[in-house]
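For reference, the chains in residue letters:
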Amino acid sequence: MTSVSEVNKNSLEKILRQLKCHFTWNLFKEDSVFLDDLEDRVCDQIKFLNTESKATMYNLLAYIKHVHGQNEEALKCLRQAEESIQQKHPEEAEIRSLVTWGNYAWVYYHMGRLPEAQACVDKVKQVCKKFSNPYRIECPELDCEEGWTLLQCGAKRGERVKVYFEKALAEKPDNPEFSAGLAIAMYRLDENPPKQFCTSVLKQAIELNPDNHYIKVLLGLKLQNTKKEAEGEPWVVEALEKAPCQTNVLRSAAKFYGIKGDLDKEIELLQKALTSLPNNRNICQWIARCYQEKAKKIQNTEDSEAPRNGEVEELMKQAMHYLKKAAEKGPNPLGANSDLTEPEPEQCYQTPCNKELPQANGKPLHQCYSNGQEHHGRSEDTPVLDPSRTEEKVKYQPQNGAEKELPQNARNDWYLQGLMHKQNGDLLQAAKCFEKKLGLLLRDSPSGISRFFLPESELEEGSAEVGQGAAAPVE
């Protein structure tokens, strides 16, 4: 027999599903999102954004905390969202608080605090009934909130995001927040292939948001993509002068200088961004690729002489240093699918870690050093071992040099072995496996850089990547 409390819980859940908030927007269903990276981005934006946009970021951070199982922390973030709304939008506090109250209700529901969840639902109802709908309404502020949230969580719904901001601007055409959102959404949609009409939208957004330096860098990138680099660079320079520590500015500017071919400037900006985001594996991978690119340029120089081999070796040491740092940053040495925005430009340098599917699109870390990826091209498809599926999860514990439960393909590839060691927490063995893979990839390099990664005996073995007992720990 169903208890009264169960009936109340079920009826409350039906109401909760009608609310407009992060719990009903299916934020992580269509995109592969690495939540630790997203959390870093959101926290960084809270640090640098103006007060007007902070409530949106606090709401998203609250949802991320809930997904991590940190509901008390989620409640703290929602209180900060409320405070931000009251400070910046006291005249619109009720409307702008609907998303926050909806998130409150869901968090309390998951905590089993049903009376408090119901109280939040009642607050939503009290506001919405003024607009003839008991639990949800259509208004530009809510469209904007959902649009910004989707921009943060993935770019696959770019058209949908664009529609949200266009709807909002149709009612309030001079709203700076809505204009900035539309400009960024259109930049993402317009990026491949580059088109002209996005430029005017970006310029209009800058007029309405003169202190939004990130949009200035996007304008610089857009002009560069349309063969107007000289016109675009002053926008990037201005943004860096006025926001020298803002990480989305630094990363986007790094992309600009990377396309320009100024690798030293690209590395400088990325290293500066890394000081603010020290746990960001994607920036580490990006820097590693930059050092590899510098080494490759020296190797490809026709008049390159033997003494420059030392310079190449030092650059590859730097690349390996940042590659190892990337591998240390999380439970998997693969990064996230990067179409997370602010939006950020480094999608070309990141690889996906899909926690739901056994395969994801992207390149493994060692291919930061390969020749097959263009400077700003898309990644190829590479199968990825998925540690989250129990039927495929392999716990690797080397015993007496024996191969133990490794998939057949892992026995034949140092990179996959490195993944298995990393999955089991053995960072040293993982790094050694990645080094061996790099050595094999670089074996035919005229610089002799492969000697940095492999002993002479293994270099002489020819094309075989792994010999007998390959699943054993690397000496």
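How each quantity is defined
- Residues numbered from 1 in each chain as written.
- Predicted model: local features only at pLDDT ≥ 70, side-chain atom pairs only at ≥ 80, totals over all residues.
- Heavy atoms only, no water.
- Helix = DSSP H or I, 4+ residues; strand = E, 2+ residues; numbered from the N terminus.
- Contact = heavy atoms within 4.5 Å.
- Areas by Shrake-Rupley, 256 points an atom, 1.4 Å probe, with all protein chains shown as cover.
- Expected span 1.5 Å × (residues − 1).
- Buried < 20%, exposed > 50% of the residue type's maximum accessible area, 1.4 Å probe, protein only.
- Arc of directions from axis to C-beta.
- Salt bridge = Lys/Arg side-chain N within 4 Å of Asp/Glu carboxyl O.
- pLDDT = per-residue confidence, 0-100.
- Phe/Tyr/Trp six-rings, centres within 6.5 Å; stacked < 30°, edge-to-face > 60°.
- Axes fitted to C-alpha atoms, helices over the stretch in contact; angles between N-to-C directions.
- Parallel < 35°, antiparallel > 145°, perpendicular 65-115°, else oblique.
- Left-handed = near helix turned anticlockwise from the far one by under 90°.
- Nonpolar A, V, L, I, M, F, W, Y, C, P; charged D, E, K, R; others polar.
- Polar contact = N/O pair within 3.5 Å; in protein donor to acceptor, adjacent residues only side chain to side chain.

Visitor: Honestly, the overall build of the chain in this entry has me stumped. Any pointers?
Guide: When you go through the chain residue by residue, the secondary structure sums to 21 helices and 2 strands. Within the chain, contacts between residues at least 6 apart in sequence are counted, and of these 65% link residues at least 24 apart. Working note: accessible area of the chain is about 21,200 Å², and carbon and sulfur atoms make up 47% of it.

Visitor: Sorry, what's going on with unusual backbone geometry here?
Guide: Residues apart from glycine generally show negative phi values, whereas peptide bonds are mostly found in trans. The backbone of Asn 26 shows a phi angle near 50°, a positive value even though the residue is not glycine. Along the chain, the position of Asn 26 falls in the loop between helix 1 (4-16) and helix 2 (35-48). Here the phi dihedral of Lys 227 falls at roughly 65°; this positive angle occurs in a residue that is not glycine. Mapped onto the secondary structure, Lys 227 falls in the loop between helix 12 (213-225) and helix 13 (229-242).

Visitor: I tried to follow the side chain of Asn 209 on my own but got confused; where do I start?
Guide: Its location among the elements puts Asn 209 in the loop between helix 11 (197-208) and helix 12. If we ignore the near neighbours within four places in the chain, the residues touching Asn 209 are Pro 176, Glu 177, Ser 179 and Ala 180.

Visitor: How should helix 7 (residues 114-128) be read in this particular structure?
Guide: Each α-helix winds once per 3.6 residues, and so residues spaced three or four apart point in a common direction. Taking 1.5 Å of rise per residue, the 15 residues of helix 7 would be expected to cover 21 Å, and the 21 Å separating its terminal C-alpha atoms lies within 8% of that figure. Within the span of helix 7, buried status applies to Ala 117, Cys 120, Val 121, Val 124, Val 127 and Cys 128. For helix 7, the buried positions fall inside an angular range of 120° around the axis, keeping them on one side. Across helix 7 from its buried face, at more than 90 degrees, point the exposed residues Pro 115 and Gln 126.

Visitor: Teacher, can you tell me more about the pattern of salt bridges here?
Guide: Pairing between side chains of opposite charge can happen when the charged atoms of each approach one another. Inspection of the entire model under this criterion finds 23 salt bridges. One salt bridge in this structure joins Glu 177 and Arg 96, with 3.6 Å as the shortest N-O distance. Of this pair, Glu 177 sits in helix 10 (residues 176-190) while Arg 96 sits in helix 5 (residues 93-96), and the two are 81 residues apart along the sequence. The two residues Glu 177 and Arg 96 agree in class, both being buried. Several salt bridges converge on common partners, so that one network encompasses Glu 92, Arg 96, Glu 141, Lys 172 and Glu 177.

Visitor: Please clarify how the confidence of the model for the chain should be interpreted in this entry.
Guide: Segments scoring low in pLDDT should not have their predicted coordinates read at a detailed level. Overall, the prediction assigns the chain a mean pLDDT of 75, with 66% of residues at 70 or greater. This model gives residues 331-412 a pLDDT under 50, and the stretch forms 225 contacts once residues within four places in sequence are excluded. Contacts for the low-pLDDT stretch residues 462-475, under 50 throughout, to residues beyond four places or in other chains number 36 contacts.

Visitor: Got a minute to help me understand the packing of aromatic side chains in this structure?
Guide: Inspection of every chain in the model, using the stated rule, returns 7 aromatic pairs. Judged by centre distance (5.9 Å) and plane angle (10°), the rings of Tyr 104 and Tyr 108 are stacked. On the criterion of helical spacing, the pair formed by Tyr 104 and Tyr 108 is a turn pair, its members being 4 residues apart in helix 6 (residues 98-110). The pair Tyr 104 / Tyr 108 is uniform in exposure class, with both members buried. Taking the centre distance of 5.5 Å and the plane angle of 75° together, the rings of Trp 148 and Phe 165 count as edge-to-face. Within this pair, whereas Trp 148 is found in helix 8 (residues 140-153), its partner Phe 165 is found in helix 9 (residues 158-171), the two being separated by 17 residues in sequence.

Visitor: Would you explain the packing of helix 9 against helix 10 in this entry?
Guide: Working note: a packed helix pair is described by the angle between its axes plus the distance between those axes. Where helix 9 meets helix 10, the closest approach of the two axes is 9 Å, and the angle between their N-to-C directions is 155°. Considering the angle they form, helix 9 stands roughly antiparallel to helix 10. Here the hand of the crossing between helix 9 and helix 10 comes out left-handed. Touching Gly 158, Glu 159, Val 161, Lys 162, Phe 165, Glu 166, Ala 168 and Leu 169 of helix 9 are Phe 178, Ser 179, Gly 181, Leu 182, Ala 185, Met 186 and Leu 189, all from helix 10. Of the residues assigned to the contact of helix 9 with helix 10, the class counts are 9 nonpolar, 3 polar and 3 charged.

Visitor: Would you explain the environment of Gln 271 in this entry?
Guide: Within the secondary structure layout, Gln 271 lies in helix 15 (residues 263-276). Judged by its relative accessible area of 28%, Gln 271 falls in the partly exposed class. In the structure, Gln 271 is positioned 13 residues away from Cys 284 in sequence and 8.6 Å away in space, judged by C-alpha atoms. Discounting residues that sit within four places of it in the chain, Gln 271 has contacts with Ile 287, Tyr 291 and Tyr 322. In this structure the side chain of Gln 271 is engaged in a polar contact, spanning 3.3 Å, whose partner is the side chain of Tyr 291. At 3.0 Å, the side chain of Gln 271 and the side chain of Tyr 322 are in polar contact.

Visitor: Just checking my understanding: could you explain helix 13 for this structure?
Guide: With 14 residues, helix 13 ought to run about 20 Å at 1.5 Å a step, and its terminal C-alpha atoms sit 20 Å apart, in line with that. Residues of helix 13 that are buried include every one of Gly 232, Glu 233, Val 236, Ala 239 and Leu 240, and no others. Seen along its axis, helix 13 keeps its buried residues to an arc of 125°; they face one direction. For helix 13, the exposed residues lying more than 90 degrees away from the buried face are Ala 230, Glu 241 and Lys 242.

Visitor: Whenever I open this one, the side chain of Asn 280 confuses me. Can you help?
Guide: Of note, Asn 280 is situated in the loop between helix 15 and helix 16 (281-299). Looking at Asn 280, the relative accessible area reads 0%, which means it is buried. At 3.0 Å, the side chain of Asn 280 and the backbone nitrogen of Asn 282 are in polar contact. The contact partners of Asn 280, leaving out residues within four places of it in the chain, are Asp 40, Arg 251 and Leu 274.

Visitor: Looking at this structure, how should I read the packing of helix 8 against helix 10?
Guide: At a minimum axis separation of 10 Å, helix 8 and helix 10 run at an interaxial angle of 35°. In this structure, helix 8 crosses over helix 10, and the sense of that crossing is left-handed. Contacts between helix 8 and helix 10 involve Pro 140, Glu 141, Cys 144, Trp 148 and Leu 151 on the former and, on the latter, Glu 177, Phe 178, Ala 180, Gly 181, Ile 184 and Ala 185. Taken together, the residues of the contact of helix 8 with helix 10 break down into 8 nonpolar, 1 polar and 2 charged.

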